[in-house]
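Structure assessment
Spelled out from the first residue to the last, the chains are:
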Amino acid sequence: MSLLLLSTGLALAGNVTNSGDDGRTGWYPDAGYITPAIVSSVGFGQRWNTTLNGQIYGQPLVAIGRVYYVTQTNWVYSLDADSGAILWSKNLGAPWNSADVGCPNIAPTVGITVTPVIDDDTNVMYLVNKTYDAGIGTSFMHALDLISGAEKPGFPVKIQGNAQNSPSQPYDSVHQHARPGLLLMNGVVYAAFGAHCDFGPWQGWIFGINTSGEIKARWTTRGAVGQNGGAIWMSGNGLVSDGPGRIIFATGNGGGQTTATPGNTPPTNCGECVERVDVQPDGTLVAKDFFSPWNAAGNFTQNGLDLFDLDLGASGGAVMPQPYFGTTTYPRLMVQAGKEGYLYLLSRDDLGGLKQAGPTTDKVIQRLGKFAGVWSRPGVWPGDGGYVYLSGSGAQLRAFKYSVDGSNKPVLTQTGSSLATFG
């Protein structure tokens, strides 16, 4: 695949990660010098073109003056950010053949799909790939030195084992697929998994592996053994964290609930959910809060999400960072979208549960839409009073202005949209 790099001079502080930060805002505060005038100037444009081996799904990451790419043929590349010259490359084994389960979503091979994460305190990049172990499709977590590409001691680590929250539920390495960007938090790298074409057995999973190579967390969205559903895929967007020990994500079809349930008692099988899990002192994960649309398991007339494969988890979520957003009543906000085409404004302190405002109403701060279905995530801009941006499939990019109404409640209002539409 040929690569283009634009002259942006991007620099980040903290972990180098998907969408710029653990809140997945897409906001890069160190790039404030990139203005409309700069982008339209003669000096802004293509700097180089380098051909690499394989399709690129993970977001390229920039660190120590280099750009790091991962491909579906299990190649990892370190390129000079100024010239595009390949400084080192490393192959992590034969990529898995997607024909093994007959899934054409990513073809012909699946290698490294997820965006890695870079610990810029140690100059180590963590990533997950899929290859073969004794002829069986298997995922591994790797830890590579940024300068040399050498594997860190204790790695690679094979992703395997039964769920700690459902000890009889085994992880199926063939049918599970690492999709969301990785999260590095408190010395543990978290990877989430969905499925290949929803071919079973499959569930949503989160594994946490510390920087010494020890598996600390094995958690699944499906507590009932043998049931499929609740994949964590989010179109490749990263697991969200809004503070130490907190992980927020969205799940797809399978397991949509029908019974009204408070947010602080998440169901064992949580499909079509925004869910928060907290890290326990021993490293395990416990579900603490959730939101699910009232029609998650609705019938035909209700346009049920499960019934029509309208995954809430087709979109990643994005934190609306303080102090730019929030009120005394709702200080910690986030936005979430999905295939159905609604944009939800949620409180991270009380996601909303299911049917907590009535049988056909959601207990959320605001629901906007219906727009086109979303296979990406909202973007957040804290300047100019605050904006949220959303692009749907085959639709415009929409801008939503943040404000506070007369009762001190946060509100998003659409103020514009692009002339162009996106595929």
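Because the structure is predicted, anything quoted here is derived from the model rather than measured. Residue indices follow the written sequence of each chain, beginning from 1 at its first position. Owing to the predicted nature of the model, reporting of local features is limited to residues with pLDDT of at least 70; listing and counting of side-chain atom pairs is limited to 80 or more, with chain, interface and lining totals taken over all residues. With hydrogens and water excluded, all non-hydrogen atoms of the structure serve as input to the side-chain values.

Some points on the sheet that holds strand S6 (residues 86-91)
- A strand pair is defined by DSSP finding two or more bridges across the two strands. A run of H or I in DSSP counts as a helix once it spans at least four residues, and a run of E counts as a strand once it spans at least two, with each numbered from the N terminus. Across the sheet, 4 strands lie side by side as S3-S4-S5-S6; this open sheet has antiparallel pairing. Two strands lie at the open edges of the sheet, namely strand S3 (61-63) and S6, each paired on one side alone. Each adjacent strand pair in this sheet contributes to an overall mean axis angle of 20 degrees, direction not counted.
- Judged from the 5 bridges that link them, strand S5 (residues 75-80) and S6 form a sheet pairing that is antiparallel. Along S6, the bridge assignment pairs Trp 75 with Asn 91. To get an axis, fit a line to the C-alpha atoms, keeping to the stretch in contact for a helix; angles then go from 0 to 180 degrees between the N-to-C directions.

Details of the environment of Ala 150
- Examined against the element boundaries, Ala 150 turns out to sit in the loop between strand S11 (136-145) and strand S12 (157-158).
- For every residue, the accessible area (1.4 Å probe, protein chains only) is compared with the maximum for its type, and the residue is labelled buried under 20%, exposed over 50%, or partly exposed between those bounds. Looking at Ala 150, the relative accessible area reads 37%, which means it is partly exposed.
- Remark: the alpha-carbon pair of Ala 150 and Val 124, spanning 26 residues in sequence, is separated by 9.6 Å.
- In contact with Ala 150, other than residues within four places in its own chain, are Ala 143, Leu 144 and Asp 145. Residue contacts follow a heavy-atom distance rule, with two residues in contact if any of their heavy atoms lie within 4.5 Å.

Remarks on the state of the cysteines
- Sulfur atoms of two cysteines make up a disulfide when they are within 2.5 Å. Under the counting rule described, the total for this entry stands at 2 disulfides.
- Across a sulfur-sulfur distance of 2.1 Å, Cys 270 and Cys 273 are joined as a disulfide pair. Looking along the S-S bond of the Cys 270-Cys 273 disulfide, the torsion reads about -100 degrees, which is the left-handed sense. The pair formed by Cys 270 and Cys 273 is uniform in burial state, with each residue classed as buried.
- For the protein, the bonded cysteines pair up as 1-2, 3-4 when numbered in the order they occur along the sequence.

Description of the sheet that holds strand S20 (residues 246-250)
- As summarised here, the arrangement of the 3 strands in space is S20-S21-S22, forming an open sheet in which the pairing is antiparallel. Strand pairing shows two members of the sheet lacking a second neighbour, S20 and strand S22 (285-291), which therefore form its edges. Neighbour to neighbour, the strand axes of the sheet diverge by 25 degrees on average, direction disregarded.
- Strand direction decides the pairing type here: S20 and strand S21 (residues 274-279), joined by 5 bridges, are antiparallel. Residue pairing in the sheet places Arg 246 in a bridge with Asp 278 of S21.

Examining the nonpolar core
- To qualify as a nonpolar core, a set must consist of buried Ala, Val, Leu, Ile, Met, Phe, Trp, Tyr and Cys residues joined through side-chain atoms within 4.5 Å. One finds Tyr 190, Ile 206, Leu 239, Ile 247, Phe 249 and Val 274 to be the most contacted residues of the largest nonpolar core, which totals 28 residues.
- Elements with a minimum of two residues in this core: strand S16 (183-185), strand S17 (188-195), strand S19 (215-220), S20, S21, S22 and strand S25 (343-347).
- Here this core gets 4 residues from one element, more than from any other, and that element is S20.
- Filtering out sequence-adjacent residues up to four positions away, Phe 249 remains in contact with Ile 206, Trp 219, Thr 221, Ile 232, Met 234, Leu 239, Cys 273, Val 274, Glu 275 and Val 277.
- Counting residues in hydrophobic clusters, the runner-up holds 21 residues, among them Val 128, Ala 143, Leu 184 and Ile 209.

What to know about the side chain of Glu 272
- Among the structural elements, Glu 272 can be located in the loop between S20 and S21.
- All tallies of charge rest on Lys and Arg as positive and Asp and Glu as negative; His and the ends of each chain are not included. Salt bridges are identified by distance alone: a Lys or Arg side-chain nitrogen within 4 Å of an Asp or Glu carboxyl oxygen. It is Lys 339 that comes nearest to the buried, bridge-free Glu 272 among opposite-charge side chains, at 8.0 Å.
- Pairing of N or O atoms within 3.5 Å defines a polar contact, subject to two protein rules: one partner must be a possible hydrogen donor and the other a possible acceptor, and residues neighboring in sequence count only if both atoms are side-chain atoms. A polar atom in the side chain of Glu 272 sits 2.9 Å from the backbone nitrogen of Leu 312.

Here we look at the pattern of salt bridges
- One pass over the full model with this rule turns up 10 salt bridges.
- A salt bridge links Asp 309 to Lys 339; its shortest N-O distance comes to 3.5 Å. Of this pair, Asp 309 sits in the loop between S22 and strand S23 (318-320) while Lys 339 sits in the loop between strand S24 (333-336) and S25, placing them 30 residues apart in sequence.
- The class of Lys 339 is buried, set by a relative accessible area of 14%.
- One network of salt bridges, with partners in common, ties together Asp 242, Arg 246, Arg 332, Arg 348 and Asp 349.

So, the confidence of the model for the protein
- Model confidence for the protein is summarised by a mean pLDDT of 94, while 97% of its residues fall at 70 or above.
- A residue's pLDDT is the confidence the predictor assigns to it, expressed on a 0 to 100 scale. Ignoring residues within four places in sequence, the model shows residues 2-13, a span with pLDDT below 50, making 43 contacts including any to other chains.

A closer look at the side chain of Thr 284
- In this fold, Thr 284 is placed in the loop between S21 and S22.
- According to the relative accessible area criterion, Thr 284 is buried, its value standing at 18%.
- A polar contact of 2.7 Å, which involves the side chain of Thr 284, links it to the side chain of Asp 282.
- Excluding its chain neighbours within four sequence positions, the residues that come into contact with Thr 284 are Gln 164, Lys 216, Asp 278 and Val 279.

Here's the deal with a nonpolar patch on the surface
- A cluster of nonpolar side chains, Trp 381, Tyr 389, Leu 397 and Phe 422, forms an exposed patch at the surface whose accessible area comes to about 340 Å².
- Tracing the backbone through its elements, the reader meets Phe 422 in the segment after strand S30 (410-421).
- Residue classification places Phe 422 among the partly exposed positions, given a relative accessible area of 39%. Patches draw on residues past 30% relative accessible area with no salt bridge. Two like charges within 9 Å are joined, as are two nonpolar side chains (Val, Leu, Ile, Met, Phe, Trp, Tyr) within 5 Å. Reported accessibility uses the Shrake-Rupley method at a 1.4 Å probe radius. Residues are deemed covered only where the shown protein chains occlude them.

Looking at unusual backbone geometry
- Look at the link from Gly 200 to Pro 201: it is a cis peptide, with omega at 5 degrees.
- With respect to the helices and strands, the residue Pro 201 is situated in the loop between S17 and strand S18 (205-210).
- Here the residue pair Gln 322 and Pro 323 is connected by a cis peptide bond, since its omega of 0 degrees sits within 30 degrees of zero.
- Assignment of secondary structure puts Pro 323 in the loop between S23 and S24.

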